[in-house]
Amino acid sequence: MTWPLLTLRGLNSAVLVYFIVVNAVYLTTSIVAVFALRRYAARLRSLDLSDTFRLGGSPPVTVIAPAYNESATWVQSVRALMALEYAEYEVVVVNDGSKDATLERLVEAFDLIPAPRAPTSDIAHRPIRGIYRSRSAQRLWVIDKENGGKADALNAALAHVRTPLFCAIDVDSLVERDALSRIVRPFLEADSTVAAGGIIRIANGCTVQSGMVTRVALPDNLVARIQVVEYLRSFLGGRVGWDAMDATLIISGAFGMFKRSLAVSAGGYDTGTVGEDMELVVKLHRYCRERDIPCRIGFVPDPVAWTECPESLRTLSRQRERWQQGLAEVMWHHRKMLFNPRYGVIGLVAMPYFFFLEMLGPALEVAGYAAFLGTVLFGRVDRAFVAAFLLLAFALGMSLSLAAISLEELTFRRYPRTRQLVTLLFVSLIEGVGYHQLHTWWRFKGLVAAARRRRGWGEMTRKGFDTAPAA
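The shown structure was predicted, so the numbers you read here are calculated from the model rather than taken from an experiment. (Residues numbered from 1 in each chain as written. Predicted model: local features only at pLDDT ≥ 70, side-chain atom pairs only at ≥ 80, totals over all residues. Heavy atoms only, no water.)

Draft legend 1. Inspection of the overall build of the protein at higher detail. Scanning the protein for helices and strands turns up 15 helices and 12 strands. Within the protein, the proportion of its 471 residues that are buried is 57%. At a minimum sequence separation of 6, the contacts of the protein that also span at least 24 residues come to 81%. Only carbon and sulfur atoms are counted for the fraction: they give 57% of the accessible area of the protein, which is about 19900 Å². (Helix = DSSP H or I, 4+ residues; strand = E, 2+ residues; numbered from the N terminus. Buried < 20%, exposed > 50% of the residue type's maximum accessible area, 1.4 Å probe, protein only. Contact = heavy atoms within 4.5 Å. Areas by Shrake-Rupley, 256 points an atom, 1.4 Å probe, with all protein chains shown as cover.)

Here is the structure:
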């Protein structure tokens, strides 16, 4: 047997092992998620949020949201933030040197005027050009600053937060009215909670009125529908399971709450990575463990933020490349935590999983597909290997998607119509053939971008939300 063929078979074997391990982890988190969600759903049925606040108090919260060239969705999103059902909160949005009419539209919609606001910390950020306050909605503040990237914009907002908790969101997201009341609950239940994340759902196809999703529907676009399945799998089948194991390593930048004091003490958001949301979570784990500070970072599956997802493969590819780049940068920067018992389950389980399987996995998978084609060209394909490869690469992935859809149906039922469920089931069947391989290639390119240290906001063309006239 020639060495090229031996090399190809070796790569094939390595990829099979990779598929076995990664799917075993997915299966484990999904199984754990089933029981966790059942317990959570039962708890929700007996929970009264008003009682929770009467017993534990409702801590003041500042919602911070960075924006760059978001004129299509900004006004709707801010209106949603101003309509949140929470006792005491304010909103600080940051215009990071947008080149479109982002700031102008908000000034007009909310009657903004210049107003003084002193910083509460010395976190570094790009110069501020102006601070505004709304005359029609007193809790709304807008910071206009020079462009410095998303992390820098978040730091500018964090430097002006006055409350003990802050909630970071993407300004293109629509937060449900009770979302703050739900995501704050872990902070009331345990003093050790330093951060918590909520679930992100796809708003494409939904109807929006006054900044709120009033009718939930699936998008017509196939690319967007696939992302609905992806998000369900990632949040319900993945993050719920990791949270149950006390190993949450990711809180989406679109919706997460943090203790202000610890975020400031840890240095705020890192401007040296495009994965600033994940970096802050990993940094908080590391900061607290190294100082023996009790630390609980969790995921709450029912506070919802709706977001517009890309509907073109080109735009989606840029988003996923950026996500993978951010993951790689964070993993490499905090590689000291790998297999380090000082960091508990984060260092021994979560970090190795994300480092070797999520970060390096796309490179191995791309090499595996190439090796598979090579063995076909050499005419040395083993039928048993082909069956195992297809089973692990496609069938198990489809099964995990089906499991996530089932979890959605059994718990929150945001898509109650039978036709919607059938559509999601069909999409989960076709996702693994073609799209998964394309997604792997995008992630591989993101890994390369991390090595090249590419920077920028990563613009995404938006259509804006489908709106209905106010009643």
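Draft legend 2. A look at the pairing of strand 1 (residues 61–67). Within strand 1, seven of the seven residues are buried, which leaves it mostly tucked inside the rest of the structure. As defined by bridge partners, strand 1 adjoins strand 2 (residues 89–96) across seven bridges and the pair is classed as parallel. Pairing of Ala-65 across the sheet is with Val-93, part of strand 2. Taken together, strand 1, helix 3 (residues 74–82) and strand 2 form a β-α-β motif whose crossover is right-handed. Sheet analysis places strand 1 next to strand 6 (residues 165–169), joined by four bridges and oriented parallel. Note that in strand 6 the partner of Thr-62 across the bridge is Phe-166. (Pairing = 2+ DSSP bridges. Right-handed = clockwise from strand over helix to strand, strands pointing away.)

Draft legend 3. Summary view of a nonpolar patch on the surface. Among the surface-exposed residues, Phe-339, Leu-348, Val-349, Phe-356 and Leu-360 lie close enough to one another that they form a single nonpolar patch of about 430 Å² accessible area. Structurally, Phe-339 can be placed in the loop between helix 11 (313–333) and helix 12 (344–359). (Patch = residues over 30% accessible without salt bridge, like charges linked within 9 Å, V, L, I, M, F, W, Y side chains within 5 Å. Salt bridge = Lys/Arg side-chain N within 4 Å of Asp/Glu carboxyl O.)

Draft legend 4. Highlighting the packing of aromatic side chains. One pass over the structure, following the stated rule, counts 11 aromatic pairs. Consider the rings of Tyr-18 and Phe-19, whose centres lie 5.5 Å apart with planes at 45 degrees: the pair is tilted. Side by side, Tyr-18 and Phe-19 carry an identical accessibility label, which is buried. Aromatic pair Trp-242 and Tyr-353: ring centres 5.2 Å apart, planes at 45 degrees, arrangement tilted. Remark: Tyr-353 occurs in helix 12 and Trp-242 occurs in helix 8 (residues 222–244); sequence separation between them is 111 residues. (Phe/Tyr/Trp six-rings, centres within 6.5 Å; stacked < 30°, edge-to-face > 60°.)

Draft legend 5. The arrangement of the pairing of strand 12 (residues 296–307) in detail. With 11 of 12 residues buried, strand 12 lies mostly within the body of the structure. For strand 8 (residues 193–202) and strand 12, the ladder comprises eight bridges, and the chain directions are parallel. Across the sheet, Ala-196 pairs through a bridge with Gly-298, a residue of strand 12.

Draft legend 6. Structural detail: the side chain of Lys-145. In this structure, Lys-145 sits in strand 5 (residues 140–145). Overall, the relative accessible area of 0% leaves Lys-145 in the buried class. Within polar-contact distance, the side chain of Lys-145 engages the side chain of Asp-152 at 2.6 Å. Excluding anything up to four places from it in sequence, Lys-145 contacts Val-94, Asn-95, Asp-96, Gly-97, Arg-126, Pro-127, Ile-128, Arg-129, Asp-152, Ala-153 and Ala-156. (Polar contact = N/O pair within 3.5 Å; in protein donor to acceptor, adjacent residues only side chain to side chain.)

Draft legend 7. Structural detail: helix 8. Between its first and last C-alpha atoms helix 8 spans 32 Å; for 23 residues at 1.5 Å apiece the expected length is 33 Å, and the two agree. Taken as a whole, helix 8 carries its principal kink of about 25 degrees at Gly-238. Of all 23 residues in helix 8, 18 are buried, a share of seventy percent or more. In this structure Asn-221 caps helix 8, since a side-chain oxygen of it lies 2.9 Å from the backbone nitrogen of Val-223. Of the residues trailing helix 8, Asp-246 is marked for its positive phi of about 55 degrees. (Expected span 1.5 Å × (residues − 1). Bend = angle between axes of the 7 residues up to and from the residue.)

Draft legend 8. Structural context of the side chain of Thr-163. The residue Thr-163 is located in the loop between helix 5 (150–158) and strand 6 in this model. With a relative accessible area of 10%, Thr-163 lands in the buried category. Looking at Thr-163, its side chain comes within polar contact range of the side chain of Thr-62, at 2.8 Å. When sequence neighbours within four positions are dropped, the list of residues in contact with Thr-163 reads Pro-60, Val-61, Thr-62 and Arg-260.

Draft legend 9. How the structure looks around the sheet that holds strand 1. Across the sheet, which stays open at both edges, the 10 strands sit in the order 3-4-5-2-1-6-11-8-12-7 with mixed pairing between neighbours. In the strand order of this sheet, the two ends are held by strand 3 (112–114) and strand 7 (173–175), each with one partner. Ignoring which end each strand starts from, the neighbouring axes of this sheet average 30 degrees apart. As paired strands, strand 2 and strand 5 are joined by six bridges and run parallel to one another. Following the sheet pairing, Val-92 is matched in strand 5 by Trp-141. (Axes fitted to C-alpha atoms, helices over the stretch in contact; angles between N-to-C directions.)

Draft legend 10. Broad picture of helix 11. Between its first and last C-alpha, helix 11 extends 30 Å over 21 residues, near the 30 Å set by a 1.5 Å rise per residue. The buried fraction of helix 11 amounts to 15 of the 21 residues, a majority that puts the element mostly inside the structure.

Draft legend 11. Up close: the packing of helix 8 against helix 11. Where helix 8 meets helix 11, the axes come as close as 11 Å, and the angle between the chain directions of the two elements is 30 degrees. The orientation of helix 8 with respect to helix 11, classified from their angle, is roughly parallel. In this structure, helix 8 crosses over helix 11, and the sense of that crossing is left-handed. The residues of helix 11 that touch helix 8, namely those facing Val-223, Gln-227, Glu-230 and Tyr-231, are Leu-313, Leu-316, Gln-319, Arg-320 and Trp-323. By residue class, the composition of the contact of helix 8 with helix 11 is five nonpolar, two polar and two charged. (Parallel < 35°, antiparallel > 145°, perpendicular 65-115°, else oblique. Left-handed = near helix turned anticlockwise from the far one by under 90°. Nonpolar A, V, L, I, M, F, W, Y, C, P; charged D, E, K, R; others polar.)

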